[in-house]
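Breakdown of the fold
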Amino acid sequence: MQPFSKSDGGIQVMLLAASAGIMEGDRQDFRFEILPGAELEFLSQSYDKIHQMKEGSAKRTTTARVCSGASFIFRPQPTIPFADSAYESEMEIFLEDESSRFFFSEILSGGRHAMGEDFAYRFYRSLIQIRRGEKLIYRDNTRYEPRSLPMGAMGMYESYTHLLNIFLTRPGQPEKFRRQVQLLLDAGEEFEGGITELAGGDFAIRALGRRAQVLENLSAQIQNIRSAL
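Computed from a prediction, not measured in an experiment: that's the story for all the values here.

**Considerations on the sheet that holds strand β9 (residues 86–95)**
Taken together, the 5 strands give an open sheet; going across it, the order is β3-β6-β9-β11-β12, and neighbouring strands pair in mixed fashion. The outermost strands of the open sheet, each flanked by one partner alone, are β3 (27–34) and β12 (135–144). Strand-to-strand twist of the sheet, defined as the mean angle between neighbouring strand axes without regard to direction, takes the value 5 degrees. Where β3 and strand β6 (residues 58–66) come together, 8 bridges link them in parallel fashion. Directly across from Q28, in β6, lies its bridge partner R60.

Shown next as structure tokens:
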């Protein structure tokens, strides 16, 4: 779609999807290059629905290069894997240096709860690798296979139905950011989560909930805290 202007001078880009969702055999290739000083936020048009598949799978590859002084926010809407779906995602993010800013947020539903499809998909695989310069600073290799893993048990979704995963580069005031996010997480009545400061000063945040909208609001609040610092 035509980009939307933001008040801070950046732009929002929304993917315009004509299909009803992700189908068997689909291959998506997203590529972004955010030039020095530019600010880009990527949004999706609606929830990503991964439809039922007979025996094949679908795959998305995302590559982004964030130049010096640039900012990239990758915040698609939640993903809903239908029963018998199979999906793979690979994301490679290259940050030029310490001034390259990146905010990543994703929400993965356990399935269509109202249809009785909690964790009824065949598999969901996601590999995220983020490098600053030549150094790997974050790697998340997620492989959910409900037929062989107790997805609702301890250490997994723990009776919740939605997972929020956030990564963000070092904010301006790391300790203040950590305190404010921790207070936000502690005050939540419809979710529970935690925040981790990584070795390079970046942060990873995860939260579990039972409604996508609740976790979307939480993600937006964390993004606002980061922007204010």
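**What to know about the packing of aromatic side chains**
Enumeration according to the criterion identifies 15 aromatic pairs in this entry. Look at F72 and F74: their rings are 6.1 Å apart centre to centre, the planes differ by 70 degrees, and that puts the pair in the edge-to-face class. Residue class for F72 comes out buried when judged on its relative accessible area of 0%. For F74, a relative accessible area of 4% corresponds to the buried category. One aromatic cluster in this structure is built from F30, F32, F42, F72, F74, F102, F104, Y138 and F167. The ring of F94 carries R65 above its face, with NZ or CZ at 5.0 Å from the centroid. Against the face of Y160 rests R210, its NZ or CZ located 4.2 Å from the ring centre.

**Observations concerning the packing of helix α1 (residues 174–187) against helix α2 (residues 212–228)**
Put simply, α1 and α2 touch, their axes get as near as 10 Å, and they point 160 degrees apart. In terms of their interaxial angle, α1 and α2 are classed as roughly antiparallel. α1 and α2 meet at a crossing whose hand is right-handed. The residues of α2 that touch α1, namely those facing F177, Q180, V181, L184 and L185, are L218, Q221, I222, I225 and R226.

**With respect to a nonpolar patch on the surface**
Among the surface-exposed residues, M1, F4 and L16 lie close enough to one another that they form a single nonpolar patch of about 300 Å² accessible area. Topologically, M1 is positioned in the segment before β1 (4–5).

Criteria and cut-off values
Here the residue index of a chain counts from 1 through its sequence in written order. In keeping with the predicted nature of the model, local features appear solely for residues at pLDDT of at least 70, side-chain atom pairs appear and are counted solely at 80 or more, and the whole-chain, interface and lining totals rest on all residues. Excluded from the side-chain calculation are hydrogens and water; included are all heavy atoms of the structure. A pair of strands is considered paired only if DSSP assigns at least 2 bridges between the two. A run of DSSP states H or I qualifies as a helix once it reaches four residues; a run of E qualifies as a strand once it reaches two. Both are numbered from the N-terminal end. Only C-alpha atoms enter the line fits that serve as axes; for helices the fit covers just the stretch in contact. Angles between N-to-C directions range over 0 to 180 degrees. We call Phe, Tyr and Trp rings a pair once their centres come within 6.5 Å, taking the six-membered ring for Trp, and we label the pair stacked below 30 degrees between planes, edge-to-face above 60, and tilted otherwise. Accessibility here uses a 1.4 Å probe with only protein chains present; expressed as a share of the type maximum, an area under 20% marks a residue as buried, one over 50% as exposed, and anything in between as partly exposed. Two limits define a charge over a ring: the Lys NZ or Arg CZ must be within 6 Å of the ring centre, and within 35 degrees of the ring normal. We call two directions roughly parallel when the angle between them is under 35 degrees, roughly antiparallel when it is over 145, roughly perpendicular when it lies between 65 and 115, and oblique otherwise. Each crossing gets its handedness from the near helix: less than a right angle anticlockwise from the far helix is left-handed, clockwise is right-handed. Contact between two residues is taken to exist if any of their heavy atoms lie within 4.5 Å; hydrogens are not considered. Within this analysis, patches are made of residues with over 30% relative accessible area and no salt bridge. Like charges are joined at 9 Å or less; nonpolar side chains (Val, Leu, Ile, Met, Phe, Trp, Tyr) at 5 Å or less. Note on areas: Shrake-Rupley, 1.4 Å probe, and residue coverage restricted to the protein chains presented here. Here a salt bridge means any side-chain nitrogen of Lys or Arg lying within 4 Å of a carboxyl oxygen belonging to Asp or Glu.

In short, shape yes, function no, at least from these values alone.
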